[in-house]
Amino acid sequence: MAAYEVPGAVVGVVENDTVVYLEGFGVRELGKPEKVDPDTRFQIASVTKYITGAAIGTMVDEGKLNWDTPVVTYLPGFTLKDPYVGSHANLRDMLAHRTGLRRDGELLGRVGYSNEEILHRMRFLESDAGFRERYLYSNAGYFIAGEAGVAMDNQSWEELTDARSIGPVGMTRSGSHPETLYLDDNHVAGHGGTAGDVQVIPLEEASLPAAGQVVSTGKDMTRFVRMMLNEGSIEGEEVLKPETVKEIHAASLVAGPGGPLRDPNAAVGLGCDSYYFLGERVIEKNGALDGVRSIVILIPG
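Residues numbered from 1 in each chain as written. Predicted model: local features only at pLDDT ≥ 70, side-chain atom pairs only at ≥ 80, totals over all residues. Heavy atoms only, no water.

Details of the overall build of the protein chain
Here comes step 1: From N to C terminus, the protein chain includes nine helices and 13 strands.
Here comes step 2: In summary, the protein chain has a C-alpha radius of gyration of 19 Å against a globular reference of 19 Å for 301 residues, a match within 12%.
Here comes step 3: If you line up the protein chain on its principal axes, its C-alpha atoms span 55 × 40 × 40 Å.
Here comes step 4: A burial count over the protein chain gives 51% of its 301 residues as buried.
Here comes step 5: Taking as baseline every contact in the protein chain between residues at least 6 positions apart, the subset at least 24 positions apart corresponds to 61%.
Here comes step 6: Of the charged side chains in the protein chain, 27 are positive and 43 negative; the average position of the first set lies 3 Å away from that of the second. (Helix = DSSP H or I, 4+ residues; strand = E, 2+ residues; numbered from the N terminus. Rg over C-alpha atoms; globule rule 2.2 N^0.38 Å. Buried < 20%, exposed > 50% of the residue type's maximum accessible area, 1.4 Å probe, protein only. Contact = heavy atoms within 4.5 Å. Lys, Arg positive; Asp, Glu negative; His and termini not counted. Charge placed at Lys NZ, Arg CZ, Asp CG, Glu CD.)

The following block contains the structure:
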């Protein structure tokens, strides 16, 4: 932490369905004495995508959604600038970043449009790659996938994610609404700057909720990790079917070099990434918003 000038962090380690290490370090805000602990709330930024993938997975389990059915089936009238992509792109394409949509789609979430209007305006976005040609990170795909879930579950993305991913796992201090961060004083401030000049900055709010809006804690995230490592169950309660967890973790697209040793066949799943490290397959998802960073790493074994 000193080397990278990180004011505060929390670290959790799970092994064999047991939390073997969970500790907070440093302070919640520079210049103030309050310490980070396992219950301190953080924005988890794009780790949200892993939780969104799980929420959609529960709907796949119920037959409300299918990974490989075109999104337009769930969102009549939806299209993209290339009509072929608009009529053929499915949830797997959206979650595995293989539509060709580029990152500027997240700007639509910054100008006050309703979700309905944002979804409509997705048809004007340019592509920087061909359909299913290569990995191109896109928060817009997660927004579209989230709206497909909204259409088939008759509740907002925040409501369905709380009800399907966060609540059943027992993540009691977590939530999909940004206000969750401020339900009490045990939360971090944003920090940023340059080497030798780290300071408090405003926290960035995710522009497209399903891509980065979840708030959680170290303790709660160990519960999510336990559930995913235990093939969809926690403490005897099934949240996801084992085959759905495998589908989320499976390679849906080879992304290119990734991981500490630059595995040339690192891949993208449905809310997470994967690569091989010293013979072990690693599942990983990281996240970043202005003021905060997050990462989850699983080694299923």
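Some words on the nonpolar core
Here comes step 1: Ranked by size, the top nonpolar core spans 58 residues in total, and within it Y50, F78, L91, M122, I144, F224 and M228 carry the most contacts.
Here comes step 2: Discounting residues that sit within four places of it in the chain, M228 has contacts with Y50, L240, V245, I248, H249 and L298.
Here comes step 3: Counting six residues, the second-largest nonpolar core is a separate cluster that includes V36, F42, L289 and V292. (Core = buried A, V, L, I, M, F, W, Y, C linked by side-chain atoms within 4.5 Å.)

Describing the packing of aromatic side chains
A ring pair, where both rings are aromatic, is described by two values, the distance of the centres and the angle of the planes.
Here comes step 1: For the structure shown, the criterion picks out two aromatic pairs.
Here comes step 2: Consider the rings of Y50 and F224, whose centres lie 5.2 Å apart with planes at 80 degrees: the pair is edge-to-face. Highlighted residues: Y50 in helix α1 (residues 48–61) and F224 in helix α8 (residues 218–229), separated in sequence by 174 residues. Neither residue differs from the other here; Y50 and F224 are each classed as buried.
Here comes step 3: Ring geometry for Y84 versus F131: centroids 6.2 Å apart, planes at 75 degrees, classification edge-to-face. (Phe/Tyr/Trp six-rings, centres within 6.5 Å; stacked < 30°, edge-to-face > 60°.)

Description of the pairing of strand β1 (residues 8–15)
Here comes step 1: In the sheet, β1 pairs with strand β2 (residues 18–26) via eight bridges, with the strands oriented antiparallel. For V13, the partnering residue across the bridge sits in β2 and is Y21.
Here comes step 2: The hairpin formed by β1 and β2 contains two residues between the paired strands, and N16 there has a positive phi angle of roughly 50 degrees. (Pairing = 2+ DSSP bridges.)

Observations regarding α8
Here comes step 1: Taking 1.5 Å of rise per residue, 12 residues should cover 16 Å, and α8 covers 16 Å from first to last C-alpha, within 8% of that figure.
Here comes step 2: The buried fraction of α8 is high, at 10 of 12 residues.
Here comes step 3: Where α8 ends, the next residue or the one after it, E231, has phi of about 60 degrees, a positive value. (Expected span 1.5 Å × (residues − 1).)

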